[in-house]
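# Overview (structure and organization)
Read off the chains here:
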Amino acid sequence: MKVNVQSFDAAASATDVELSDEIFGLEPRADVLHRVVTWQLEKRRGTARGTRERSDVARTGKKFGRQKGGGTARHGDRRAPVFIGGGKAHGARVRDFNPSLNKKIRALGLKMALSSHAKAGTLIVLDSLGVAENKTKTLKGDLARLGFGKAALVIDGDAVETSFALAAGNLREVNVLPAIGANVYDILKADTLVLSRAAVEKLEARFNG
């Protein structure tokens, strides 16, 4: 599929770029995208540090006093939570929030996320992300002219272009990632997906390699 390449330079001549139909031309499936997003968000979750409960504490299990007549409670051993060094009552337990997901499904989900923007017409390809004098004001004018929408995800090549990263640093509506950080959740959350030429090359090489 062919996409018009846009530019921050209003005087630049219009060109087209050929996007791979195997990456940008798929029919999105809600079930695949849901599985990948769920997996991605679960991977982000942190687990509590496990505490030692009564059965985990290394103390003697011998009954330390008489059942009656000692003037104290009738404890069975020193592992009880009421004692210093005893086990924690109802302590935090380690939980596994890292479900597995087949690599083919993950790759398919990313392709479908890219395809969803291409199909909806919210995919923009830029020839370069360079911003004059690293100015946020200049970048805001360029974004308004190109119609980036309320929330835009901008993906560059190996590293984000320095001037663009500096200019976009104060813009809440612009999220910037290198090509290696492209992920389904951020792509679907954005109203507009913006790819540089370098990003297109990196993504196609990633799937074709």
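In this numbering scheme, every chain counts its residues from 1 along its sequence in written order. In keeping with the model being predicted, local features are shown solely for residues with a pLDDT of at least 70 and side-chain atom pairs are shown and tallied solely at 80 or more, while totals for entire chains, interfaces and linings include all residues. For the side-chain quantities, the full set of heavy atoms in the structure was used; hydrogens and water were omitted.

Residue types Ala, Val, Leu, Ile, Met, Phe, Trp, Tyr and Cys, when buried and joined through side-chain atoms within 4.5 Å, form a set referred to as a nonpolar core. A simple rule labels every residue: compare its accessible area, found with a 1.4 Å probe on the protein chains alone, to the largest value its type can have, and call it buried under 20%, exposed over 50%, or partly exposed in between. Phe 24, Leu 114, Ile 155, Leu 193 and Leu 195 are the most contacted members of the largest nonpolar core, which has 34 residues in total. Elements are defined by DSSP. Helices are runs of H or I of four residues or more, strands are runs of E of two residues or more, and each kind is numbered from the N terminus. Sorting elements by how many residues they give to this core places helix α3 (residues 103–120) first, with six residues. We call two residues contacting when some pair of their heavy atoms lies within 4.5 Å. Ignoring anything within four residues of it in the chain, the contact list for Phe 24 reads Met 1, Leu 19, Leu 114, Ser 115, Ala 118, Leu 123, Leu 195 and Glu 204.

A word on the pairing of strand β4 (residues 152–155). Looking down a regular strand, the side chains alternate between one sheet face and the other. Neither face of β4 is left uncovered, since the one carrying Ala 152 and Val 154 and the one carrying Leu 153 and Ile 155 both have all their residues buried. As paired elements, β4 and strand β5 (residues 174–177) share four bridges and run parallel to each other. Within β5, the residue paired with Val 154 across the bridge is Val 176. Taking the sense of rotation as the criterion, the β-α-β connection linking β4, helix α5 (residues 162–167) and β5 turns out right-handed. We call two strands paired when DSSP finds no fewer than two bridges between them. Assignment of crossover handedness uses the view with strands pointing away from the viewer, where a clockwise path from the first strand over the helix to the second indicates a right-handed crossover.

Every helix has an expected span of 1.5 Å times one less than the residues it contains. Over its 18 residues, α3 extends 26 Å from the first C-alpha to the last, a length consistent with the 26 Å expected when each residue adds 1.5 Å. What α3 keeps buried is the set Ile 105, Gly 109, Leu 110, Met 112, Ala 113, Leu 114, Ser 115, Ser 116, His 117 and Ala 118. Buried residues along α3 sit in contact with α1 (21–24), α2 (30–44), β3 (123–126), α6 (184–189), β6 (192–196) and α7 (197–208). Nitrogen and oxygen atoms within 3.5 Å of one another constitute a polar contact, given that in protein one can donate a hydrogen and the other can accept it, and given that sequence-neighbouring residues count only through two side-chain atoms. At the N-terminal end of α3, a side-chain oxygen is found 2.8 Å from the backbone nitrogen of Lys 104, two or three residues along, and the residue is Asn 102. Within two residues after α3, Gly 121 carries a phi angle of roughly 80 degrees, on the positive side.

For Val 200, the location among the structural elements is in helix α7. With 155 residues separating them in the primary sequence, Val 200 and Arg 45 have C-alpha atoms 30 Å apart.

Moving on: the pattern of salt bridges. Each reported salt bridge corresponds to a side-chain nitrogen of Lys or Arg within 4 Å of a carboxyl oxygen of Asp or Glu. Tallied over the full model, the rule gives nine salt bridges. In this structure, Asp 31 and Arg 29 form a salt bridge, with 2.6 Å as the shortest nitrogen-oxygen distance. A salt bridge links Arg 54 to Asp 77, with the shortest nitrogen-to-oxygen separation between them at 3.5 Å. Here the residue Arg 54 occupies a position in the loop between α2 and α3, and Asp 77 occupies one in the loop between α2 and α3, the gap between them amounting to 23 residues. Assessed through its relative accessible area of 39%, Arg 54 is described here as partly exposed. Linked through salt bridges whose partners overlap, the residues forming this network are Arg 54, Asp 77 and Arg 79.

Axes here mean lines fitted to C-alpha atoms, for a helix over just the part in contact, with angles spanning 0 to 180 degrees between N-to-C directions. Viewed as axis vectors pointing N to C, α3 and α7 meet at an angle of 150 degrees, and their least axial separation amounts to 12 Å. With respect to α7, the axis of α3 lies roughly antiparallel. Judged by the sense of rotation from one axis to the other, the crossing of α3 with α7 is left-handed. Counted together, Ala 107, Leu 110, Lys 111 and Leu 114 of α3 and Leu 203, Arg 206 and Phe 207 of α7 form the full contact between these two elements. Residues of the contact of α3 with α7, tallied by class, amount to five nonpolar, no polar and two charged. Here the word oblique covers every angle except those under 35 degrees (roughly parallel), over 145 (roughly antiparallel) and from 65 to 115 (roughly perpendicular). For any pair of crossing helices, the crossing counts as left-handed if the nearer helix is rotated counterclockwise from the farther one by less than a right angle, and right-handed if it is rotated clockwise. Note that Gly is not counted as nonpolar here; it falls among the polar residues with everything else outside the nonpolar set of Ala, Val, Leu, Ile, Met, Phe, Trp, Tyr, Cys and Pro and the charged set of Asp, Glu, Lys and Arg.

Below, the discussion takes up the sheet that holds β4. The six strands lie next to each other as β2-β1-β3-β6-β4-β5, forming an open sheet whose pairing is mixed. In this open sheet, the two edge strands, each paired with only one partner strand, are β2 (15–18) and β5. Between one strand and the next, the sheet's axes are offset by a mean angle of 35 degrees, whatever the strand orientation. Summarising the sheet, strand β1 (residues 2–6) and β2 pair through four bridges and their orientation is antiparallel. Directly across from Val 3, in β2, lies its bridge partner Val 17.

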